[in-house]
Each structure stands twice: as structure tokens, then as C-alpha cells.
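Commentary on secondary and tertiary structure
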Amino acid sequence: MEIERKYDVNGPAEIAIEDFAGPDGKVTVDEPETWRLVADYVDTPALTLAAHGITLRRRRGGQDAGWHLKLPVAKGAKREVHAPLGAGVHQVPARLTDLVAAHLRGRDLVPIATLRTTRTTRKLRDQEGRVLAEVSDDVVEGRRQNADRPPISWREIEVELVDGRMDVLDAVESRLRDAGLAPSPSGSKLARVLGADLPSESGRKDGRSARAVLIAYVRRQRGQLLANDPLVRLADHDDDSVHEMRVALRRIRSLLRTHARLLDGDRIGPLDAELKWLAAELGTVRDLEVLTARFARRLADQPAGGPREAEWPAVLAAREHKARRALKKTLRTPRYFALLAAVDDLIADPPFHGKANRRPSALVARSWRKVLAKYAKAERLPLGAERDQALHATRKAAKRARYTAEAATDVLGKPAAKLAKHGERLQDAFGRRQDALVAQQQLTQLATRANLSAADAFTLGLLLAEERHEAAEAYRALAPIWKKAAKPKLLRALAK
């Protein structure tokens, strides 16, 4: 994980990195090391990777020569994946192209820019000698490939966190600002070289109609889908990427369903089916992630001894590993790439009817009334499996209403934001009960395995009792949350 900040140096400013050392000796500064770095960046001719904040380069020189793929994770943080240098810039390692396959979809990679950097690096260490951060003074020359314009040159300070905390970056930034430096407006050196060539959706005005709301929301979810795709391919454990990718799909499906009256069903139906398929593939892994973590917490709370030494968790771990491998194969299939293309087509050419130009308030209100109706139906049913199913249907309706309100918040303001927040609380409350019910089913299934040991049987019985208690508690906790969410004034405010 690369966490760094960049600062522009204007003119021949002298940056005394020695001053970063604390007067009390708590932070020391190493002697400088200077490197000559040459980085060749590759992308599609349309700069598909750069448009999503991804960089792929072949670097020569320095201590980390080789291929570097940088994937954005959060502001100022990127996941960096390395591969050996190889024979040349035209031979990109297959492992790295696989990680960006969802972006490439068969498109060729070509050299797009070359950067030559003279880098002087100094390490900041604590009293134990641990490297907290690296401060690099970079003098850079960047040239755009196949472009009729001269190279550009600049100087910047790059501060990368190593084993320190975020407050180390804050302290260094304070010193740099005192020296007259300002944070770089470019997210990367490559972005500075590409300049106006870099595709961007910033400043896009989608409008205030139901049509605009849906397309803007689907576009954001497509971004989340693509951002998490390489992280899912990398993951060998629960890092939240499967969950985030699955949520993006669910949000797209929810908006398509709440806007169904405005859309051509002949085009949306097949897309909805494919979204459902991929969500189910992700769901197999996600459900096992949740159960594994849930049962691990339960076991950790048990007294020391037999219950902690249960054998059945290995069964769940093996299932999760197998499901994860199957999911990664799915992400390499033509069917998956066709789904991504269909989402692109929806954004570029949405199949709307005439009423799509109206404000989205009616759609938000309708989705919320469905939640009210489903809960009322569930409450009329006797306790048991039928009511559980009805409550689960209410949860799905609350989730759909939440996403519909979320999508319209920029247009409808606080009334939509409040509904979205109530929808989220309902979703969580219903989900707590549903998770306990699913856990009970899984525990019961595990308890019916042949040759079950006495220790496993005992542990499974304890956990099953805990999950039954959890389900009952979750149901009791639902009433006050529902009472607030069902207030008529929420819908009245939406109509104003």
C-alpha cells in the first residue's frame, strides 16, 4: 500500500530536509541517496487506465526497478503491484494485464509517455531506527509519446509513508508549507505529462431529471465496480473488495427497477439478469466471508479449551477458498466482459421513455411506500418462516428505497437524504436478524455432517443458541427504528 503526498517546488527553492529532524532527537534523517530513474508508461491509445487513476509503467534504475501497477484505493493511497523488469516495454507481464482486464477488454497497450527523474531520497527514522517515511526531491522531465509538443520539466517533493503514522505526513507537510511549498494539483507525474489529453468526467452536468439521476448514479457505481475488480482478483481473504463490488451491482439493479416504468424493458431485462448473475457469483464468496468472520468472533468469546479447538471452521475456510478461485475465473470470462460493455452502453445510450425528464421525487416516494406496505404485510403474519421471508422482502425493499433516495439526494436535497438514512438504518436492522437466521441454517448444516466429533457438536450447539438469541434481540430492536422511519412527515417533506 502506497500512501504519499506530493508538493510543487517553484523556482530554485532550498528545502532543508535536515530540519525535519526533531530537536529532541526523536526523528533522525539519513544521508541522501541519489538515483536516475527512467519510467515508460503504457496504456490504451484512449488512455483508459489513466482515466481511472491507474498507472502501469516499466521503471529502470533505483532500488525497485521493474514493472509497477498502481491501483487507486483512497485519496492519497494506492495499491502497488510489482513484476520483474522483463525484456521491454512492449512485453507487459500477464499478471499485471490480468489485474486490469476489466478496463482493457482486449484493447492493446502501447507506450504513452516517458519520464526521466533525478531523485534524491532521505529516510526519516525514529529512535529505534524504524523508517517512518521517505522524502524524495524529484527533478523530472516528461515526454508524451507520439505528440507534437516539447517535453515538460518540473521539480516536486514526494513524501511516502513507510512505517509511520499519518501524523508523520502531517508534520512533514507543515514544514514544507512553511518553506513555501503547496500540494501538487496533479495526482501523479503521469497526469501532469498527459495534461489535457487525460480523459475526465469532472464538471459534467447531468441535470435534475429522473433520467439524469439514474445515469449519474449508474456511472458512479460503474466506477466502483471497475475500481474493485483488480482488488478482488488480488484478494485471498476478506479485504472488503468483494462486498464493495457486490454493492455496486446491487445499486445499479435497484435503480433500474425503481425506474422500470421509464425504461425499455426489452433492453433492461437482459441486463438485469446479467447483473443478478454476477451479484450471485460475488455473493457466494461474500456470504462465506461473513460467516467465517462471524463464527470466528463467536469462538473467540468461548472459554478456553475444547470449543476453541473445533475442526469445522476448516470446512468453511475450504469452501471460501474454492469459491474465491471460482469467482476469479468468472472475472476472466467473455460473459463478464460483455456485462461491463452493456453497462457502458446503458450510460452512453439509455433506453428512456418520455416521462424520464420529470423530477425523481415520485420514484423516491413510490419506493418508500413499498417498504411501508411490505412491513405492514409482514406484521400481519404469524411468527415463523413465512414472516421471516416477508421481513427479508421488506429489507430488500428498504435497500432499494435507500439507493433510490441516495441517487436523488443531489436533486431533492435533505428530504431524500433523510429517507436514505432511514433506509440504511432499516437495512442494517433487518440485516442483523437475517444474518442470524442464515448463520443458524449454516450451523445446522454443519451439524449434520457425517463423523461429527463431540467437540464440534458441542461448539455448534453453543453457537446455534447464540444465533437464536441474536435473531430475537434483532427483532425486538427493530420496533423503535421502524417507528421513526414510518413517520408520514418524511414523505410529505419529499412532496414540497
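Residues numbered from 1 in each chain as written. Predicted model: local features only at pLDDT ≥ 70, side-chain atom pairs only at ≥ 80, totals over all residues. Heavy atoms only, no water.

A few words now on the pairing of strand β5 (residues 66-74). Here strand β4 (residues 55-60) runs beside β5; their pairing, made up of 5 bridges, is antiparallel. Bridge pairing links arginine 58 to tryptophan 67 in β5. Joining the antiparallel neighbours β5 and strand β6 (residues 77-83) is a turn of 2 residues, in which glycine 76 adopts a positive phi near 80 degrees. (Pairing = 2+ DSSP bridges. Helix = DSSP H or I, 4+ residues; strand = E, 2+ residues; numbered from the N terminus.)

Attention now moves to the nonpolar core. A general tendency of soluble globular proteins is for nonpolar side chains to be buried together. Grouped together as the largest cluster of nonpolar side chains are 84 residues, with contacts concentrated most on Leu256, Trp312, Tyr336 and Leu426. Take this core: its biggest share by element is 12 residues, from helix α8 (residues 265-300). Once you skip the residues sitting within four places of it in the chain, leucine 426 turns out to touch Trp368, Val371, Ala398, Gly431, Leu478, Ile481, Trp482 and Ala485. If you look at the next biggest cluster of nonpolar residues, it comprises 17 residues, including Trp67, Val89, Leu96 and Leu104. (Core = buried A, V, L, I, M, F, W, Y, C linked by side-chain atoms within 4.5 Å. Buried < 20%, exposed > 50% of the residue type's maximum accessible area, 1.4 Å probe, protein only. Contact = heavy atoms within 4.5 Å.)

Axis separation between helix α6 (residues 210-234) and helix α10 (residues 334-348) bottoms out at 9 Å; the angle between their running directions is 155 degrees. Comparing their axes, α10 and α6 come out roughly antiparallel. In this structure, the crossing between α6 and α10 has a hand that is left-handed. On α10, the residues that touch Ile215, Val218, Arg219, Arg222, Leu225, Leu226, Asp229 and Arg233 of α6 are Tyr336, Phe337, Leu340, Val343, Asp344, Leu346 and Ile347. For the contact of α6 with α10, the per-class residue count stands at 10 nonpolar, no polar and 5 charged. (Axes fitted to C-alpha atoms, helices over the stretch in contact; angles between N-to-C directions. Parallel < 35°, antiparallel > 145°, perpendicular 65-115°, else oblique. Left-handed = near helix turned anticlockwise from the far one by under 90°. Nonpolar A, V, L, I, M, F, W, Y, C, P; charged D, E, K, R; others polar.)

Now for the packing of helix α7 (residues 241-258) against helix α12 (residues 385-412). Two numbers describe how α7 lies on α12: the axes approach to 9 Å, and their chain directions differ by 85 degrees. When the interaxial angle is binned, α7 and α12 end up roughly perpendicular. Of the residues in α12, those touching α7 at Val247, Arg250, Arg251, Ser254, Leu255, Arg257 and Thr258 are Lys399, Arg400, Arg402, Tyr403, Thr404, Glu406 and Ala407. Classifying every residue of the contact of α7 with α12 gives 4 nonpolar, 3 polar and 7 charged.

Bringing helix α11 (residues 361-379) into the picture now. Taking 1.5 Å per residue, 19 residues should reach 27 Å; α11 reaches 28 Å between its end C-alpha atoms and fits that length. Buried within α11 we find Leu363, Val364, Ala365, Ser367, Trp368, Val371, Tyr375 and Ala378. Along its buried surface, α11 packs onto α6, α7, α12, α13 (414-447), α14 (454-485) and α15 (488-495). (Expected span 1.5 Å × (residues − 1).)

This next bit is on the side chain of arginine 246. Among the structural elements, arginine 246 can be located in helix α7. Beyond its immediate sequence surroundings of up to four residues, arginine 246 is in contact with Ala279, Leu282, Gly283, Arg286 and Asp287.

Here we come to a positive patch on the surface. On the surface, a cluster of positive charge is made up of Arg261, Lys276, Lys355, Arg358, Lys370, Lys374, Lys377, Arg380 and Lys396. Considering every element that reaches the positive patch, the biggest residue donor is α11, with 3 residues. Within the secondary structure layout, lysine 396 lies in helix α12. (Patch = residues over 30% accessible without salt bridge, like charges linked within 9 Å, V, L, I, M, F, W, Y side chains within 5 Å. Areas by Shrake-Rupley, 256 points an atom, 1.4 Å probe, with all protein chains shown as cover. Salt bridge = Lys/Arg side-chain N within 4 Å of Asp/Glu carboxyl O. Lys, Arg positive; Asp, Glu negative; His and termini not counted. Charge placed at Lys NZ, Arg CZ, Asp CG, Glu CD.)

Right, let's get into the packing of aromatic side chains. Applying the stated rule across the entire model yields 4 aromatic pairs. An angle of 80 degrees between the planes, with centres 5.5 Å apart, marks the rings of phenylalanine 295 and tryptophan 312 as edge-to-face. Placement of the pair is phenylalanine 295 in helix α8 and tryptophan 312 in the loop between α8 and α9 (313-330), with a sequence separation of 17 residues. The two residues phenylalanine 295 and tryptophan 312 agree in class, both being buried. When the centroid spacing of 5.6 Å and the interplanar angle of 45 degrees are considered together, the rings of tyrosine 336 and phenylalanine 337 count as tilted. Each of the two residues, tyrosine 336 as well as phenylalanine 337, counts as buried. One aromatic cluster is present, formed by Tyr375, Phe430 and Trp482 through successive ring pairs. The residue whose ring lies beneath arginine 335 is tryptophan 277, and the NZ or CZ to ring-centre distance is 4.0 Å. (Phe/Tyr/Trp six-rings, centres within 6.5 Å; stacked < 30°, edge-to-face > 60°. Lys NZ or Arg CZ within 6 Å of the ring centre and 35° of its normal.)

A separate point is α12. The first and last C-alpha atoms of α12 sit 38 Å apart over 28 residues, in line with the 40 Å expected at 1.5 Å per residue. Taken as a whole, α12 carries its principal kink of about 30 degrees at glutamate 406. Just past α12, the residue glycine 413 takes up positive phi, approximately 75 degrees. (Bend = angle between axes of the 7 residues up to and from the residue.)

What the rule picks out here adds up to 50 salt bridges. Across the pair glutamate 156 and lysine 189 runs a salt bridge, and its minimum N-O distance is 2.6 Å. Here glutamate 156, found in strand β9 (residues 152-161), pairs with lysine 189, found in helix α5 (residues 189-194); they are 33 residues apart in sequence, far enough to count as distant. Classification of glutamate 156 by relative accessible area gives buried; the value is 1%. Its relative accessible area of 9% is what places lysine 189 among the buried residues. Within this structure, Glu4, Lys6, Asp8, Arg119, Asp138, Glu156, Glu158, Lys189 and Arg192 form a network of salt bridges that share partners.

For strand β8 (residues 131-144), a buried count of 10 out of 14 residues is recorded, marking the element as mostly surrounded by other parts of the structure. Across 13 bridges, strand β7 (residues 110-125) lies against β8 in antiparallel orientation. Counterpart to threonine 121 in the pairing with β8 is serine 136. Counting the residues that bridge the hairpin from β7 to β8 gives 5 residues, and of these glycine 129 lies at a positive phi of roughly 90 degrees. Where β8 and β9 come together, 10 bridges link them in antiparallel fashion. Looking across to β9, one finds that glutamate 141 is bridged to serine 153.

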